[in-house]
Structures are given as structure tokens and as C-alpha cells.
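Analysis of the macromolecular model
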Amino acid sequence: MGARALLFDLDGTLVDSERESAEAMARALRSDQGIEIVQEDRDFIVGRSWVQIYEQLRGRYPSLAWSRDELIAATAARREEVFAETGLTILPGAQEVIGRFAHLKKAIVTGSSRVELNQSLQALGLADHFEFTVASEDVATSKPSPDGYLQAAARLQVLPAECLVIEDSEAGIAAGIAARMRVVAVGVGNYADHDQSAAHVQIETLEELTDELVARVMVSS
């Protein structure tokens, strides 16, 4: 069955903003909660959803008084500050690949918040190129649960078997496979060195994602 939709992860796949998010979160927690996070907390952000990040912080810092939504909002506000200082890194081929597959439906499925998603799409200049987006607030369970990818397929009115997932993290790859979709793993943004071996195909950058590769992945065993 051929591909009718491409479902993209965001951080680590299209952009690299997770370290900026970690710095933003650290600044917010230090300023407003009196909590000084350590490098382990910063590293935990990479490839994980806000559901997982918040649970980790609550377990490590009992004094954290914010709800998850309050933590997300405070971090998003600080991200604007960090981006003004450092900019947002767009990963190789991210903008070009969207135009290359103008003939296919496209969605983003991310563990980032809606505010963070919109910040990144604005920087990418691609907000109008995706028919649908799924953020952390839109699903009850985050990756590796398949919920986000299944929701995107349903909203795009395509079968899971007609979807190709493009991911970088181990949890995201597992989510795509659990949704019974084909999965391409992209290596360039995998700074946390997540195991990508479960993906159907591994590539280094999105520049390698061509019509020929997509066709081959969709029919591979």
C-alpha cells in the first residue's frame, strides 16, 4: 500500500530546540520556584513528552508547586527569551522536504506543547503546510503510546497502513510501529543517542527522504 500521509515528529526531526527548551525550563524553575535543576534533568527532556518530563520533575523536586500546564506556560515564555539569544536550529532538509511532498497529506505529532509547536512552526515558516497537528495537550497518553499518530491518521482520513512516520526518538519510533505505520528514523537530530534500530529505515538527514525511498519503505517487509 502506498503512502498517502507523512506524519512528522517535531523536535529532533524538523528542528532542534530541546536544549533551548531545557535552558528555558531551568530559568523558569530557578526564577519562579527556587528550584535549581541538574544536567540529568536537562538531558531527560530530549525525546520525551511533557507528561514524562513533569512526572520526572515532580518525583525529584517535591517543592514544585506548578501544575504541568503552568510549567509548560512558564517554559514557553522563557523560550522566547532563549530563542532571541540563540535562535532556533532548523535541521537539514526540514523546509525542503515539506515542499517535495506537496502531493501527500502531512501532519505533526509531537510531545511538545501547543505553544512550543506554534513557536517552532512560525520559525520554520511552515504553519500552513500541515493539515493537522497533535500536541501534548491533545492526547491522554504520550509516545510510545500510538494515540497521537492514530489521531492524526483519523483526522487526515487515511488508514494507518497509508501513513509514514518520520521520527528521531526511541519512544516515537515505538509509537509509530504500535500504530501499525511504517517508520523512518532520522539520525541528525538524535543527540540523546536513542536506539533507532526498530525503524523500518534509518537515514541521516531529511534530504535523503525522496519519493523513491518512501515507495520502497511502504512495500518493505
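Whatever comes next refers back to the structure up there.
Residues numbered from 1 in each chain as written. Predicted model: local features only at pLDDT ≥ 70, side-chain atom pairs only at ≥ 80, totals over all residues. Heavy atoms only, no water.

A look at the side chain of Glu-20
Secondary-structure assignment places Glu-20 in helix α1 (residues 18-33). Despite its burial, Glu-20 pairs with no opposite charge, the nearest such side chain being Arg-19 at 5.4 Å. Aside from chain neighbours lying at most four places away, what touches Glu-20 is Val-82, Phe-83, Thr-86 and Gly-87. (Helix = DSSP H or I, 4+ residues; strand = E, 2+ residues; numbered from the N terminus. Buried < 20%, exposed > 50% of the residue type's maximum accessible area, 1.4 Å probe, protein only. Lys, Arg positive; Asp, Glu negative; His and termini not counted. Salt bridge = Lys/Arg side-chain N within 4 Å of Asp/Glu carboxyl O. Contact = heavy atoms within 4.5 Å.)

Overview of the environment of Phe-130
Here Phe-130 shows up in the loop between α6 (114-124) and β5 (132-134). Sequence-wise, Phe-130 and Lys-105 are 25 residues apart; in three dimensions their C-alpha atoms are separated by 7.5 Å. Filtering out sequence-adjacent residues up to four positions away, Phe-130 remains in contact with Phe-8, Leu-14, Ile-98, Lys-106, Ala-107, Ile-108 and Leu-121.

Some details on the pairing of strand β1 (residues 5-8)
The side-chain alternation of β1 yields two buried faces, one formed by Ala-5 and Leu-7 and the other by Leu-6 and Phe-8. One ladder, built from 4 bridges, connects β1 with strand β6 (residues 163-167); its direction is parallel. Looking at β6, one finds that Ala-5 is bridged to Cys-163. (Pairing = 2+ DSSP bridges.)

With respect to α1
Its 16 residues place the ends of α1 21 Å apart at the C-alpha level, agreeing with the 22 Å of an ideal helix rising 1.5 Å per residue. Within the span of α1, buried status applies to Glu-18, Glu-20, Ser-21, Ala-22, Ala-24, Met-25, Ala-26, Arg-27, Ala-28, Leu-29 and Gln-33. The secondary structure elements touched by the buried residues of α1 are β2 (15-16), α2 (39-45), α3 (50-60), α4 (68-86) and α6. Where α1 terminates, the next one or two residues include Gly-34, which has phi positive at roughly 65°. (Expected span 1.5 Å × (residues − 1).)

Quick word on the packing of α4 against α6
At a minimum axis distance of 9 Å, the contact between α4 and α6 shows a crossing angle of 25°. The pairing of α4 with α6 is recorded here as roughly parallel in orientation. Classified by chirality, the crossing of α6 by α4 is right-handed. The residues of α6 that touch α4, namely those facing Thr-75, Ala-76, Arg-79, Glu-80 and Phe-83, are Val-115, Glu-116, Gln-119 and Ser-120. Its residues placed into classes, the contact of α4 with α6 shows 3 nonpolar, 3 polar and 3 charged. (Axes fitted to C-alpha atoms, helices over the stretch in contact; angles between N-to-C directions. Parallel < 35°, antiparallel > 145°, perpendicular 65-115°, else oblique. Left-handed = near helix turned anticlockwise from the far one by under 90°. Nonpolar A, V, L, I, M, F, W, Y, C, P; charged D, E, K, R; others polar.)

Notes on the pattern of salt bridges
Opposite charge on two side chains allows them to pair when their charged atoms are near. Across all of its chains, the model carries 14 salt bridges by this definition. Where Lys-143 meets Asp-9, a salt bridge forms, and the shortest distance between an N and an O atom there is 3.0 Å. You can see Lys-143 sitting in the loop between β5 and α7 (147-156) and its partner Asp-9 sitting in the loop between β1 and β2, a full 134 residues away along the chain. Per residue, the accessibility class of Lys-143 equals that of Asp-9, and both read buried. Between Arg-30 and Glu-36 there is a salt bridge whose closest N-O contact spans 3.1 Å. A relative accessible area of 36% places Arg-30 in the partly exposed class. Each member of the salt-bridge network shares a partner with another, and the members are Glu-23, Arg-27, Arg-42, Arg-78, Glu-81 and Glu-85.

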